[in-house]
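Here are the chains, one letter per residue:
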Amino acid sequence: AVAFVVAFTVPAMSADWGFYGSARMYTFMDDRSKEVSGLGVSDDDLSWFLQGNSRIGAKVKNGDIAGRFEYGSGPNLRLLNAAWKFGAGTLVVGQDYSPIDTFISNQQGPPKWGGDIDGLPWGGIYDGRTAQLKLKMASFQVALVQPKVVSVVAANDTDTSMPKIEACYNFKTGPLALKVLGAMNTHDDVVIAGTTETSHSVDSNVFGVMAKYATGPFSVAADLYMATNPGNFGLLVDNAVSKAAFASNAIQDSDAMGALVVLGYKASDMIKLEAGYGMVACEREVAGVTTEATTTSMYVQAVITMAKGFYIVPEFGTVDYGDLEVTGAPDTKQGDISYFGAKWHINF
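Cut-off values and rules
- Residues numbered from 1 in each chain as written.
- Predicted model: local features only at pLDDT ≥ 70, side-chain atom pairs only at ≥ 80, totals over all residues.
- Heavy atoms only, no water.
- Helix = DSSP H or I, 4+ residues; strand = E, 2+ residues; numbered from the N terminus.
- Buried < 20%, exposed > 50% of the residue type's maximum accessible area, 1.4 Å probe, protein only.
- Contact = heavy atoms within 4.5 Å.
- Areas by Shrake-Rupley, 256 points an atom, 1.4 Å probe, with all protein chains shown as cover.
- Pairing = 2+ DSSP bridges.
- Phe/Tyr/Trp six-rings, centres within 6.5 Å; stacked < 30°, edge-to-face > 60°.
- Salt bridge = Lys/Arg side-chain N within 4 Å of Asp/Glu carboxyl O.

> Just to check I follow, could you spell out the overall build of the protein chain for this structure?
Looking only at helices and strands, the protein chain features three helices and 22 strands. Structurally, the protein chain occupies a C-alpha span of about 75 × 60 × 45 Å along its principal axes. Classification of the 348 residues of the protein chain by burial places 41% in the buried group. Within the protein chain, counting contacts between residues at least 6 apart in sequence, those at least 24 apart form 58% of the total. Total accessible area on the protein chain stands at roughly 17400 Å², and carbon and sulfur atoms take up 63% of it.

Encoded structure:
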């Protein structure tokens, strides 16, 4: 019995385990206009909580095989994947960041987003940590990702016949880094009447680019994307018109554009300053009636390094939802949110 147990435990003991963790507190005040608060009046609130992206995890390596798991507070599973390195390539199996996920901002954002939102809903590009099969070959990545189903029709059933497909290519030369990305997703909403089935295909996609440039203490980064039905794709988009609609017995697409620009300045080894602006505009046309909305966000922050792995991040920012514009109707004000405070962040 002892020999049997040892035979199974020795391989596990020979793997290289590296544990890590991060505790993050969100301590902000926010002011929501009456349109956002839903109370008919503006509302001020204190938000003081452990961020959901506080985490504990481990990276494991054993020869050509590697793995990783990570749990956030809640608890919630953030990452669970393993990789096989073969020749010039790596095959990743499990829940991981998607190839199109792009991070250029350190924005904390309003409390609705739980902190560390990185400007993603307002011009960033983020599909989340998803179940996938991913192949990495040098600077190129392609993945078959768990498909996203966001119904448009009041369907009796939904059908998927293929995974979401995502790809990106990263290029770096000196202080300049570039990324080109694209992805597509599809599913069918099925309406059943008696013995008759009618399928409506909901197609969505996103294509984008990102660039970063750093020289001395200064840095600038920007991304730009175009998308069809980003809300149905699963892209993190904070806009009321991001999803397709069903009218005239057909799917009516939403066309979207997003952009995010971030400026950085390293004042010293202790203080780094950052400012960013993001926007996402969506438009949907149904029977000659166009519905449009544009959401914008701005922020300024300082990342203060108190000790190795210990950061305090004071920030002030706003999110403006602008007006909902519908052909032939008065514009509808959607309100705004402003916030200020700090994140407290310690890695261990």
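We are not done yet, so read on.
> What is the right way to look at the pairing of strand 17 (residues 271–286) in this model?
For a regular strand, side chains alternate in direction, first toward one face of the sheet and then toward the other. Pairing between strand 16 (residues 254–266) and strand 17: 13 bridges, direction antiparallel. The residue bridging alanine 256 from the neighbouring strand is cysteine 282, located in strand 17. Taken together, strand 16 and the strand that follows it, strand 17, pair antiparallel across an intervening segment of four residues. Relative to strand 18 (residues 289–307), strand 17 runs antiparallel, the two being bridged by 16 bridges. When the bridges of strand 18 are listed, alanine 281 appears paired with threonine 294. Between the antiparallel neighbours strand 17 and strand 18 lie two residues, among them alanine 287 with a positive phi of about 55°.

> Explanation requested: the packing of aromatic side chains in the structure shown.
We describe a pair of aromatic rings using the distance from one ring centre to the other and the angle between the two ring planes. What the rule picks out here adds up to nine aromatic pairs. Ring geometry for phenylalanine 218 and tyrosine 265: centres 4.9 Å apart, planes at 40°, overall tilted. With phenylalanine 218 in strand 13 (residues 218–228) and tyrosine 265 in strand 16, this residue pair connects regions lying 47 residues apart in the sequence. Judged by relative accessible area, tyrosine 265 falls into the partly exposed class, the value being 33%.

> Is there a simple way to think about unusual backbone geometry in this case?
In terms of backbone geometry, most residues other than glycine have negative phi values and most peptide bonds are trans. With an omega dihedral of -5°, the bond running from glycine 74 to proline 75 counts as a cis peptide bond. Looking at the element boundaries, proline 75 is found in the loop between strand 4 (65–72) and strand 5 (76–86). The backbone of aspartate 118 shows a phi angle near 60°, a positive value even though the residue is not glycine. Following the sequence through the fold, aspartate 118 ends up in the loop between strand 6 (89–97) and strand 7 (129–137). Its identity is not glycine, yet asparagine 249 carries a phi of approximately 60°, on the positive side. With respect to the element layout, asparagine 249 can be found in the loop between strand 14 (245–247) and strand 15 (250–252).

> Even after reading the chapter, I still don't get the pattern of salt bridges, so can you show me in this structure?
When charged atoms on two side chains of opposite charge get close, those side chains can pair. Per the stated rule, a full pass over the model turns up 11 salt bridges. Among the ionic pairs, aspartate 116 bridges to arginine 24, the shortest N-O distance being 3.1 Å. One end of the pair, aspartate 116, is in the loop between strand 6 and strand 7; the other, arginine 24, is in strand 1 (residues 16–32), and 92 residues separate them in sequence. Looking at aspartate 116, the relative accessible area reads 12%, which means it is buried. What makes arginine 24 buried here is its relative accessible area of 10%. Lysine 266 is paired through a salt bridge with aspartate 269; the nearest N and O atoms lie 3.7 Å apart. Residue classification places lysine 266 among the partly exposed positions, given a relative accessible area of 45%.

> I would appreciate a short explanation of the environment of alanine 244 in the present structure.
With respect to the helices and strands, alanine 244 occurs in the loop between helix 3 (230–233) and strand 14. Setting aside its immediate chain neighbours within four residues, alanine 244 contacts Val152, Asn229, Asn232, Ile251, Gln252, Asp253, Ser254 and Arg284.

> I tried to follow the pairing of strand 12 (residues 196–215) on my own but got confused; where do I start?
The sheet contact formed by strand 11 (residues 176–193) and strand 12 spans 18 bridges and is antiparallel. Bridge pairing in strand 12 places glycine 182 opposite phenylalanine 207. The hairpin turn running from strand 11 into strand 12, its antiparallel successor, is two residues long, and glycine 194 in that turn takes a positive phi close to 70°. As defined by bridge partners, strand 12 adjoins strand 13 across 11 bridges and the pair is classed as antiparallel. Each residue of the ladder has a partner; that of tyrosine 213, found in strand 13, is valine 220. Where strand 12 hands over to strand 13, the hairpin turn is made up of two residues, of which glycine 216 adopts a positive phi near 60°.

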